[in-house]
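So the chains spell out like this:
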Amino acid sequence: MPHHARRSSRSLARRSALGMLVMVLGLILSGAAMPRAQSTPETMRIQVGAEPDGTEVDLDVDIYRPDGGEAPAVLISHGFGGEKGDLVDLSQTLADAGYVVLAYTARGFGESGGRVHLNDPDFEIADAQVLIDTLADDEQVLQDAPGDPKVGVVGGSYSGAMALMTAGVDERVDSVVAQITWNDLADAFYPQAAADVQQTGPFKKLWASAFYLSALTSSAGDASGSLCGRFDPALCEKFKGAMEGSEADADLIAELRTHSPAPTLDQVSAPTYLVQGMSDSLFGLDQADATATALLRADVPVAVNWFNGGHDGQVSASTPSDGTEDGGPPGDDGATLANEPTDEAEEQTQDVLTWLEGTLRAEQPVTRENLPLPAFSYVMPPPSSGQAAQAFTLDAYPALASGGAGGFTSLPLAPVGPTELVSPPGGVPEAVTSVPGLGSVPADVSTYALSALPGQSLAFDTEPLTREVLVAGAPQVSFDVTSSAQTSTLFVSLWEVQPGGPVLPRKLVAPVKVDLTPGQSERIVVALPGGTWSMATGSTWRVLVSATDGTFRVSPETRIDDVQLAQPELLVPAEAEAVAVAAPSRWDGETIGVASALAALLVLLAILGVRARTRPHPVLAELVDVPLVVNGLTKAYADGHLAVDDVSWRAEKGQVVGLLGPNGAGKTTTLRMVMGLIAQDSGTVHVLGQPVYAGAPVLQRVGALVEGPGALPHLTGRDNLSAYWAATGRPPAEARFDDALTIAALGDAVDRPVKSYSHGMRQRLGIAQAMLGMPEVLILDEPTNGLDPPQIAAMRPMLKQYAQAGRTVVISSHLLAEVEMTCSHVVVMHAGKVLAAGSVHDVGVAEGRNLESVFLSTIAGAADGAELNAVRPR
């Protein structure tokens, strides 16, 4: 978090820090004692299209308004079986962030009229267009043109499909967030994991039953006693027929396809953020993948996020989470944006705010090159209970069928025992892999005995792995299948063989249903359920093939299938060159912010009370005019890793110095030592001739943003800056708040609570905080992280002007083009060492050769063991 040095008087610094500590403790106690204040929305009824029988319909609507004048709008609804009351927290958060929010109960649910048509374009989607008309007539809603409001549509599951479908028929939609939803509802209920097979897969009977029962029970008090409740009768009869029959209903399949985003995705133009869970037996990653692929084909800006959760609850290292809420089918409404009980919920809400900020308030058109969020982001499963999952990003979304960004890695595979299995009479007993919607079984608990029923299953094992493989995508396996019947239905899953029994990382199976000629072999390629997990060195992995699965309807016909490997290999998506980012936390964002501030203050008190009593290095009079000198810094961690190895460089007045290097080069560790945040093993740091150590008085002349911004979430941006400066003990007149607020460029948002800020807004506030008092040395660690291209461009002249006034700026960055356009000097680090240092010209940048080529050749030379002579900055 941003760091500013304290006043040289230790007693004054202690009083300031204690005052801030009291303030933070007061915030914690008041936050625990008083729930968040909710504003009262405007409640109204809005008439929409009538039912097929002519019954008039109106919807139950709440409108939440932000303080101030005109603002963009956000249209939101709930998951299947829910109502607008589920959306209160999200609506309030969006209103606090400066949006007019229209939250409504969908047709057929709660207090709204009408019947459930499962997102029929003529009913639910037409309803959404009427609500956009309402926003177009609202005087507070910002307009792109008369009758065209600036509006984003946000939804999860049932309403996520609504968001995509509305964008496909209404060009007024400017931004879409669609979470855990479907691309083709027919494919979701009749999934097919066999590649290049056109027929539908087996019917997902348990989830269909959950949908039916939810619509039925939501009609409590309906005197009609109908077995369809509030379901549209015609659609209801088709659903009951599918659940009671044995063959796919062609009419139902055709209708489900029309109740899906897929048919109109080529008409979508709005930037779209897709969030899909990896613990989801209802709508898997394949559904988001199909949507992303179609949108990218139509040149729509798209970002995709895979998270540890979904309709089946939260993936956990040791404890399950049911992910359910009252009033809906298990897992559906409970997994929406409004009320998702997962560890990543707060992170997802912040991402939604970032997406809306970067699309509805963008100063230029959003393209694939300036997306508000990474084009692709995903997390690994949490390593153990209580630990956060590691997150990664890529600058392009790789389709599942391609094997991810790195293609496929082949793992040798061989059969374990017989290769024949029997489908029992009537399909009973049924294998049980998981119970949809009732939560994930703990990762270290084996359910293999329930899934691998004797005689009804067969297995293929890999050899023990010789190296770790990180999977991010959908593995594949090929079979030659010979059956005694004309149709074979198989269920394929991937297990890790452990001493306590095989375990299933994602609790999902791949259903396959293919027509065959009895006695003749047919080759099929099976795409296993997509997701992320780690295959450890020495581990063995098992492909299990079963004749039944309790989630699906299978043929009652008895049959024998012979399943041979077409190729003796399991293909897994190779590890991509992804960028690791800070993992989502188990705590909510407000707790993190307050706890971080408290922890920093406690560390500060310890520093002031103990470590500031010593001065490990002398003052160097010959360096009194040199802003920053780093000499021989070395830092090794407890595990023996040498993060920084004899690093030396310096920064002069008027210079903007770029500290460059790949991830793990030691840049941030170096800057933390430069700031006195951690102690070096050897070497020195001097600022203007004064030694730097924890609590050193000279640090009051240094401002920094290191390892991301930190702020108290309940305070406004302005109040955060004021409180921060007060903790330094320096007079308010020295802060130059107006200059800092100009730099932040937050507009009216500076007077809103920081908890409503997007990531980019928090980053700008952190940079402004580092510049309070206009320090002589300014250190920024990845300052452009989270900023869009216009904001990055605006920062370049500001940093140059800051240095031209006789100050010094040090920037750590991996954006080589930005460094080349911003910095006068560079320091190139790799594997903890300085490989080159000097002016941009001195390190080899000349006409026809840019900084990227110099950087890459320098790193390559280091990897080849070449000797490089560092050129010291002039």
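Q: Kindly report on helix α17 (residues 789-804), identifying the contributing residues and their values.
A: Taking 1.5 Å of rise per residue, 16 residues should cover 22 Å, and α17 covers 23 Å from first to last C-alpha, within 8% of that figure. Burial in α17 covers these residues: Ile792, Met795, Met798, Leu799, Tyr802 and Ala803. Considered in projection along α17, the buried side chains sweep an arc of 130° and stay on one side of the axis. Projecting away from the buried face of α17 at angles above 90 degrees are the exposed residues Gln801 and Gln804. Residues of α17 that are buried make contact with β29 (656-660), α15 (737-744), α16 (759-770), β33 (777-781), β34 (808-813) and α18 (816-822). Just past α17, the residue Gly806 takes up positive phi, approximately 95°.

Q: Any chance you could break down the packing of aromatic side chains for me, citing the residues and the numbers?
A: For the structure shown, the criterion picks out 19 aromatic pairs. Ring plane angle 40° and centroid distance 6.4 Å describe the contact between Tyr158 and Trp182, whose orientation is recorded as tilted. Remark: Trp182 occurs in the loop between β9 (173-179) and α5 (185-189) and Tyr158 occurs in helix α4 (residues 158-169); sequence separation between them is 24 residues. Here the two residues Tyr158 and Trp182 agree in accessibility, since each one is buried. Seen in terms of ring centroids, Phe491 and Phe552 are 5.3 Å apart; in terms of plane orientation they differ by 35°. Their pairing is tilted. Note that Phe491 is positioned in strand β19 (residues 487-497) and Phe552 in the loop between β23 (540-546) and β24 (559-565), a separation of 61 residues in sequence. For the pair shown, Phe491 and Phe552 are each scored as buried. Across from the ring centre of Tyr99, 4.3 Å away, lies the NZ or CZ of Arg361, which sits over that ring.

Q: Describe helix α13 (residues 667-674), and please don't skip the residues or the numbers.
A: For α13, the buried fraction is high: six of the eight residues fall into the buried class. Where α13 is concerned, the buried positions are Lys667, Thr669, Thr670, Leu671, Met673 and Val674.

Q: Would you mind going over the packing of helix α7 (residues 233-244) against helix α8 (residues 250-258) in detail, with residue names and values included?
A: Closest axis-to-axis distance for the α7/α8 pair is 9 Å, and the angle between their directions is 125°. Viewed along their axes, α7 and α8 adopt a mutual orientation that is oblique. When the axes of α7 and α8 are compared, the crossing they make is left-handed. Residues Leu235, Lys238, Phe239 and Ala242 of α7 form the contact with α8, whose own contacting residues are Asp251, Leu252, Glu255 and Leu256. For the contact of α7 with α8, a count of residues per class yields five nonpolar, no polar and three charged.

Reading guide: rules and limits
- Residues numbered from 1 in each chain as written.
- Predicted model: local features only at pLDDT ≥ 70, side-chain atom pairs only at ≥ 80, totals over all residues.
- Heavy atoms only, no water.
- Helix = DSSP H or I, 4+ residues; strand = E, 2+ residues; numbered from the N terminus.
- Expected span 1.5 Å × (residues − 1).
- Buried < 20%, exposed > 50% of the residue type's maximum accessible area, 1.4 Å probe, protein only.
- Arc of directions from axis to C-beta.
- Contact = heavy atoms within 4.5 Å.
- Phe/Tyr/Trp six-rings, centres within 6.5 Å; stacked < 30°, edge-to-face > 60°.
- Lys NZ or Arg CZ within 6 Å of the ring centre and 35° of its normal.
- Axes fitted to C-alpha atoms, helices over the stretch in contact; angles between N-to-C directions.
- Parallel < 35°, antiparallel > 145°, perpendicular 65-115°, else oblique.
- Left-handed = near helix turned anticlockwise from the far one by under 90°.
- Nonpolar A, V, L, I, M, F, W, Y, C, P; charged D, E, K, R; others polar.

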